[in-house]
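Residues per chain, in single letters:
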Amino acid sequence: MKVLVLNCGSSSLKYQLIDMENESVLAKGICEKIGMDGSMISHTPTGKEGFKERKEPMPDHKAAVKLVIDALLDKNWGVISDMKEIDAVGHRVLHGGKYYSESIVVNPDVKRVIRECFDLGPLHNPANLIGIEACEALMPNTPQVAVFDTAFHQTMPKKAYTYAIPYEYYDKYAIRKYGFHGTSHSFVSKRAIEFGGLDPKNSKVIVCHLGNGASLSAVVNGKCVDTSMGLTPLEGLIMGTRSGDVDPAVVQYIANKENKTVDEVLNILNKKSGVFGLSGVSSDFRDLEAAANSGNERAKDAVEAFVYRVAKYIGSYVAAMNGVDAIVFTAGLGENDGKTRSRICAYLGYLGVKLDDEMNKLRGKEMVISTPDSKVKVLVIPTNEELAIARETIALI
Ligand code: ADP
C-alpha cells in the first residue's frame, strides 16, 4: 500500500509518498511560493536523481498538487507508473477546533468543519481544504484522510484549556487552548513509552518539541493533559520567530506607540519575535551559537531566555502531573542540539535529572541520554510527522 502525505502551508506544499509495506519513503519534495512570482518545486525520489527548485507557475495549491502527481508519475524521476498505485492521501490539517479528537476519512461534514475553523487557522486551514479538494478532483476514487494538528490535545481537561476571560467568548466563539504539533506529540510520547520501557498505564511524560516552532506537552498514560500552544501556535515557549507568552497588554502598547493595527502587531509577534527578534541575528540556533561564541551578547541572552522558558514549562508540567517519569526531546533542535538539551536539564537537578554527557553529544537517533541513576529518564526520540500521518491514514482505510 502506498500513501501520499500532503502538508499544505499558506504558500507551500510538502509531500512524501510512503510505501507502507516497509514504511520507506519512495519520494519527497516541496512546492514553494505558491500563488506568488517565482514558484518552484523540488522533488527527491529515493535512489535516483530528482530536481531542485524548478520554476513552475503555481497560481494555487491545486496547480501544485497537479505538479506533485506529474513528478511522481514522470518517466525519469517518477516512482510510480499509474496514479491508481496511490491507495490513499493523508492530509495534515492544522485546526479541527473542538470537533475532532482523532483523524477521520474526509466526507462533506469533515470539509464543513475544516471550513468552520478557517477563523482559528486562517493561514493553514484554507490551504489544507484546497489541497483536499484538489486531490478529490484529480483522484476521485482515492480515499482522503484528515489528520488534525489539534486532535491529540483534545483530551486536555477543562481546567487546562480554559482561558479566564468572560465565559460567553468560549460559548460564542470557542475561544480556548487547542494546542498544535499534535501528530508529533502523539508519535513521540507513544514511542517514548515503548523505547523508554515505561508502563503505558502508569506513565507521566513531558514531550519537548523544539523546532522552529516549539511546544511542550504533558502526557499521562498516553493522553495529553496540557500543552503550551494555545488558541493559535503563538502561545507558550519562545520560538524561532514567535514570542510565545507575553502580557496581552503589550499588543495594545506597541499598537499605540508605533501606530499599528492589532493585526500588524500580531504579525510582529508571530514572524519577527522569538530568538530572532531578541538576537537580531537569526531564528536558527546554529547561527545563534556561532554569534554567541563570537561575543554577541544579544544572541547569548536570546538562547538563555529560550532555555529558561522551556525549563519553567517543564516545572509547571511536573506540578500539573504530580511527577514525571520521562522528559523527551524531539524536532530539529531537540534531536540535534546537545548543548541546548544540557542547558535545559541544568535547571532540573531538583528532579534528580542527571545527563550522560557522552550520550548527550550524539544526535538524530533514538537514545536515552540520562545516566542509569537519574531519577527521571531523559530521551531523544526523532519525530516523524509524515510517517505518523501515513500510519493514521492506513489505519482508517
Ligand atoms: P520546523 O519543522 O518547525 O520548521 P525543525 O523541527 O526542522 O523546525 O527545526 C528547525 C530548527 O532546528 C532550526 O531552526 C535550528 O534552530 C534547529 N537545528 C537543526 N539542526 C540543528 C543542529 N545540528 N544544531 C542546532 N540546532 C539545530
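In case you missed it, the structure is sitting above this.
Everything quoted here is computed from the prediction, not taken from an experiment.

Peer 1: Account for the overall build of the protein, naming residues and giving values.
Peer 2: In terms of helices and strands, the protein carries 15 helices and 14 strands. Its C-alpha radius of gyration of 21 Å places the protein within 12% of the 21 Å reference for a compact globule of 397 residues. With the C-alpha coordinates aligned to their principal axes, the bounding extent of the protein is approximately 60 × 55 × 45 Å. Here the protein holds 397 residues, and the buried ones make up 50% of them. The contacts in the protein between residues at least 6 apart in sequence include a share of 61% that link residues at least 24 apart. For the protein, the exposed surface amounts to about 18500 Å²; the carbon and sulfur share of it is 51%. When the 47 positive and 49 negative side-chain charges of the protein are each reduced to one mean point, those points stand 2 Å apart.

Peer 1: Would you mind going over the side chain of Ser-42 in detail, with residue names and values included?
Peer 2: Mapping Ser-42 onto the fold places it in strand β4 (residues 40-45). Owing to a relative accessible area of 9%, Ser-42 belongs among the buried residues under this scheme. A distance of 2.9 Å separates a polar side-chain atom of Ser-42 from the backbone nitrogen of Glu-53. Setting aside anything within four residues of it in sequence, one finds Ser-42 in contact with Tyr-15, Lys-28, Gly-29, Ile-30, Phe-51, Lys-52 and Glu-53.

Peer 1: Give a description of empty space enclosed by the protein that names residues and reports values.
Peer 2: As enumerated under the stated definition, the model contains one cavity of 30 Å³ or more in all. Lining the largest cavity are Val-5, Leu-6, Asn-7, Lys-14, Tyr-15, Arg-92, Glu-385, Glu-386 and Ile-389. Counting residues per element, the ones that place at least two in the lining of the largest cavity are β1 (2-8), β2 (13-19) and α15 (385-396).

Peer 1: Please set out the sheet that holds strand β9 (residues 204-210) residue by residue, giving values where relevant.
Peer 2: Pairing within the open sheet is mixed, and its six strands lie in the order β11-β10-β9-β12-β14-β13. In this open sheet, the two edge strands, each paired with only one partner strand, are β11 (223-227) and β13 (367-368). Alignment of strand β10 (residues 214-220) against β11, held across four bridges, turns out to be antiparallel. In the strand pairing of β11, Val-220 is matched with Lys-223.

Peer 1: Quick one: what's the story with the site of the ligand, residue by residue and with numbers?
Peer 2: Near the ligand, the surroundings consist of Gly-211, Asn-212, Gly-213, Asp-284, Phe-285, Arg-286, Ala-331, Gly-332, Leu-333, Asn-336, Asp-337 and Arg-363. Here an oxygen atom of the ligand and a backbone polar atom of Asn-212 are 3.1 Å apart. Leu-333 is positioned with one of its backbone polar atoms (N or O) 3.2 Å from an oxygen atom of the ligand. Isolated, the ligand exposes 580 Å² of accessible area, and the fraction of that covered by the protein chains is 69%. In terms of residue count, helix α12 (residues 331-336) provides more of the shell around the ligand than any other element does, four residues in total.

Peer 1: So what's going on with the layout of surface pockets? Residues and values would help.
Peer 2: Quantified by volume, the second largest pocket comes out at close to 630 Å³. For the second largest pocket, the lining is made up of 24 residues, of which Phe-152, Ser-186, Phe-187, Lys-190 and Glu-392 are closest to its centre. In terms of residues, the lining of the second largest pocket owes the most to one element, helix α6 (residues 182-195), which gives seven residues. Its residues placed into classes, the lining of the second largest pocket shows nine nonpolar, eight polar and seven charged.

Peer 1: Please set out the pattern of salt bridges residue by residue, giving values where relevant.
Peer 2: A full pass over the atoms with the stated rule returns 20 salt bridges. A salt bridge links Lys-339 to Glu-289, with the nearest nitrogen and oxygen atoms 3.8 Å apart. Of this pair, Lys-339 sits in helix α13 (residues 338-345) while Glu-289 sits in helix α10 (residues 285-293), and the two are 50 residues apart along the sequence. Connected via shared salt-bridge partners are Lys-111, Arg-115, Glu-133 and Glu-136.

Peer 1: Explain the pairing of β4 to me, and be specific about the residues and the numbers.
Peer 2: Within a regular beta strand, the side chains point alternately toward one face of the sheet and then the other, so they alternate between its two faces. Of all six residues in β4, five are buried; the element is thus mostly enclosed. Here strand β3 (residues 24-32) runs beside β4; their pairing, made up of six bridges, is antiparallel. Along β4, the bridge assignment pairs Cys-31 with Ile-41. As paired strands, β4 and strand β5 (residues 51-55) are joined by three bridges and run antiparallel to one another. Bridging across to β5, Met-40 finds its partner in Lys-55. If you look at the hairpin formed by β4 and β5, you'll find five residues sitting between the two strands, and Gly-47 has a positive phi there, around 85 degrees.

Parameters at a glance
Residues numbered from 1 in each chain as written. Predicted model: local features only at pLDDT ≥ 70, side-chain atom pairs only at ≥ 80, totals over all residues. Heavy atoms only, no water. Helix = DSSP H or I, 4+ residues; strand = E, 2+ residues; numbered from the N terminus. Rg over C-alpha atoms; globule rule 2.2 N^0.38 Å. Buried < 20%, exposed > 50% of the residue type's maximum accessible area, 1.4 Å probe, protein only. Contact = heavy atoms within 4.5 Å. Areas by Shrake-Rupley, 256 points an atom, 1.4 Å probe, with all protein chains shown as cover. Lys, Arg positive; Asp, Glu negative; His and termini not counted. Charge placed at Lys NZ, Arg CZ, Asp CG, Glu CD. Polar contact = N/O pair within 3.5 Å; in protein donor to acceptor, adjacent residues only side chain to side chain. 1 Å grid on protein atoms, 1.4 Å probe; cavity = no way out; pocket = protein on both sides within 12 Å on 5 of 7 lines; lining within 4 Å. Points joined across faces, edges and corners; volume = space filled by probe spheres on them. Pairing = 2+ DSSP bridges. Near = heavy atom within 4 Å. Nonpolar A, V, L, I, M, F, W, Y, C, P; charged D, E, K, R; others polar. Salt bridge = Lys/Arg side-chain N within 4 Å of Asp/Glu carboxyl O.

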